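This is what each chain is made of:
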Amino acid sequence: MQQITSAHDIQRVVLAARREGKRIGVVPTMGYLHDGHASLMRAARAACDIVIATIFVNPLQFAPSEDFTRYPRDIERDRQIAEEAGCNILFTPTSEEMYPEGFKTTISVGGVSAPFEGIFRPTHFNGVATVVTKLFILTQPDKAFFGQKDYQQCLVVKKLVRDLAMPVEVVMCPTQRESDGLAMSSRNMYLSAEERSRATILYAALQAAQQFIMQGNRTRLSIEAVLRDVLLSVHDITIDYAAAADSEDLSQPDEFAPQQGIVLLVAARIGSTRLIDNLLVR
Ligand code: PAF
């Protein structure tokens, strides 16, 4: 596996690969890789000739109060995981490389960026859309792989690609979970052992609401009440949102139609760690 840090070099390598007719898959990450990331890399490996994983802790998507400086980093371990998962290229640009002196461009995606994360992290998706656009320009992928764990992010990237007619297929891969159901996330490492066991309540709440819907209940407020009741059964939890929404556009009707896809979305703080999770009910 080749490691590249400069924007110029990755563009040169990618251009040569495209000239040879290779299909390029990209897996954008912020590093501190876990099996969720590895599963995206394996999916890219199965579908593409050249797999590029990118590692860049993007300052633009963190608010000043958030965890940018303490976000976990371990490039040696990441290199090993990416290589084992079949990556050909690890792109690890610096901030100066991604945002050179005088960088002033922001990409803002309307609609699906606005609710949920958009309310609690108002600058987050502009940062994501800007960095993803730049990564797509640098790596020229045919396919880009994202985890369902960040469901709203997947919808934002899909909308970005559609609106700007980028020739990239966005592939959403299933959330990888620990054996007790906790969604894999680099931020899980912030949890103490006791918080870690309470954090399983997010998936338990999603499963309870899913069950409730399967029994024929499609009134949004009653579904959201199930989510909240289960979440609040543990102590020291702060709910940012616990919501049911249309799985395509995140609208929130009072009553879901029989064939309408529903996504259940939760964001909550366990102690001082903010976790998100979701479940699709079709
Ligand atoms: O999901 C992430 O890790 C990040 O938001 C992404 C897509 C790599 C952009 O920085």
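Above this text sits the structure in question.
A brief report on the enclosed structure follows. Model, not experiment: these values are computed from the prediction.

Thresholds applied
- Residues numbered from 1 in each chain as written.
- Predicted model: local features only at pLDDT ≥ 70, side-chain atom pairs only at ≥ 80, totals over all residues.
- Heavy atoms only, no water.
- Helix = DSSP H or I, 4+ residues; strand = E, 2+ residues; numbered from the N terminus.
- Expected span 1.5 Å × (residues − 1).
- Buried < 20%, exposed > 50% of the residue type's maximum accessible area, 1.4 Å probe, protein only.
- Arc of directions from axis to C-beta.
- Contact = heavy atoms within 4.5 Å.
- Phe/Tyr/Trp six-rings, centres within 6.5 Å; stacked < 30°, edge-to-face > 60°.
- Lys NZ or Arg CZ within 6 Å of the ring centre and 35° of its normal.
- Near = heavy atom within 4 Å.
- Polar contact = N/O pair within 3.5 Å; in protein donor to acceptor, adjacent residues only side chain to side chain.
- Areas by Shrake-Rupley, 256 points an atom, 1.4 Å probe, with all protein chains shown as cover.
- Pairing = 2+ DSSP bridges.
- Axes fitted to C-alpha atoms, helices over the stretch in contact; angles between N-to-C directions.

1. What to know about helix 10 (residues 220–231)
Alright, step 1. Between the first and last C-alpha of helix 10 there are 17 Å, a value that for twelve residues agrees with the 16 Å anticipated at 1.5 Å per step.
Alright, step 2. All buried positions along helix 10 are accounted for by Arg220, Ile223, Glu224, Val226, Leu227 and Leu231. Buried residues along helix 10 cover an arc of 150 degrees about the axis, so they all sit on one side. For helix 10, the exposed residues set more than 90 degrees away from the buried face come down to Leu221 and Asp229.
Alright, step 3. Looking at the buried positions of helix 10, the neighbouring elements they touch are helix 9 (201–214), strand 7 (237–246) and strand 8 (262–270).

2. A closer look at the packing of aromatic side chains
Alright, step 1. Inspection of the entire model under this criterion finds seven aromatic pairs.
Alright, step 2. For the ring pair phenylalanine 62 and tyrosine 71, a centre distance of 5.9 Å and an interplane angle of 75 degrees mean the geometry is edge-to-face. Comparing phenylalanine 62 with tyrosine 71 shows no difference in burial state: the two are buried.
Alright, step 3. Ring centres of tyrosine 99 and phenylalanine 103 lie 4.9 Å apart, and the angle between their planes is 65 degrees; on these two criteria the pair is classed as edge-to-face.
Alright, step 4. The class of tyrosine 99 is buried, set by a relative accessible area of 13%.
Alright, step 5. Across the ring face of phenylalanine 68, the terminal group of arginine 73 is positioned such that the distance to the ring centre comes to 5.2 Å.

3. Describing the site of the ligand
Alright, step 1. The full set of residues close to the ligand is Pro28, Thr29, Met30, Asn58, Gln61, Val128, Val131, Phe146, Asp150 and Gln153.
Alright, step 2. A distance of 2.6 Å separates an oxygen atom of the ligand from a polar atom in the side chain of glutamine 61.
Alright, step 3. The side chain of glutamine 153 places a nitrogen or oxygen atom 2.7 Å from an oxygen atom of the ligand.
Alright, step 4. Across the complex, the protein chains shield 88% of the 290 Å² of accessible surface that the ligand would expose by itself.

4. Comments concerning the side chain of glutamine 61
Alright, step 1. Inspection of the secondary structure puts glutamine 61 in the loop between strand 3 (50–55) and helix 3 (75–84).
Alright, step 2. Overall, glutamine 61 belongs to the buried group, its relative accessible area being 8%.
Alright, step 3. At a separation of 2.9 Å, a polar atom in the side chain of glutamine 61 contacts the side chain of asparagine 58.
Alright, step 4. Those residues within four positions of glutamine 61 in sequence are excluded, and the remaining contacts are Met30, Glu66, Arg121, His124, Gly127, Val128 and Val131.

5. Digging into the sheet that holds strand 6 (residues 169–173)
Strand pairing in a sheet relies on backbone hydrogen bonds, with the paired strands running either antiparallel or parallel.
Alright, step 1. Read from one edge to the other, the open sheet built from six strands follows the order 1-4-3-2-5-6, with strand pairing classed as parallel. Two strands lie at the open edges of the sheet, namely strand 1 (2–4) and strand 6, each paired on one side alone. Across the sheet, the mean angle separating the axes of adjacent strands is 25 degrees when strand polarity is ignored.
Alright, step 2. Strand direction decides the pairing type here: strand 3 and strand 4 (residues 89–91), joined by three bridges, are parallel. If you follow alanine 53 over to strand 4, its bridge partner there is leucine 90.
Alright, step 3. Of the strands in this sheet, strand 2 (24–29), strand 3, strand 5 (143–147) and strand 6 are in contact with helix 2 (residues 35–47), which crosses strand 5 at around 155 degrees.

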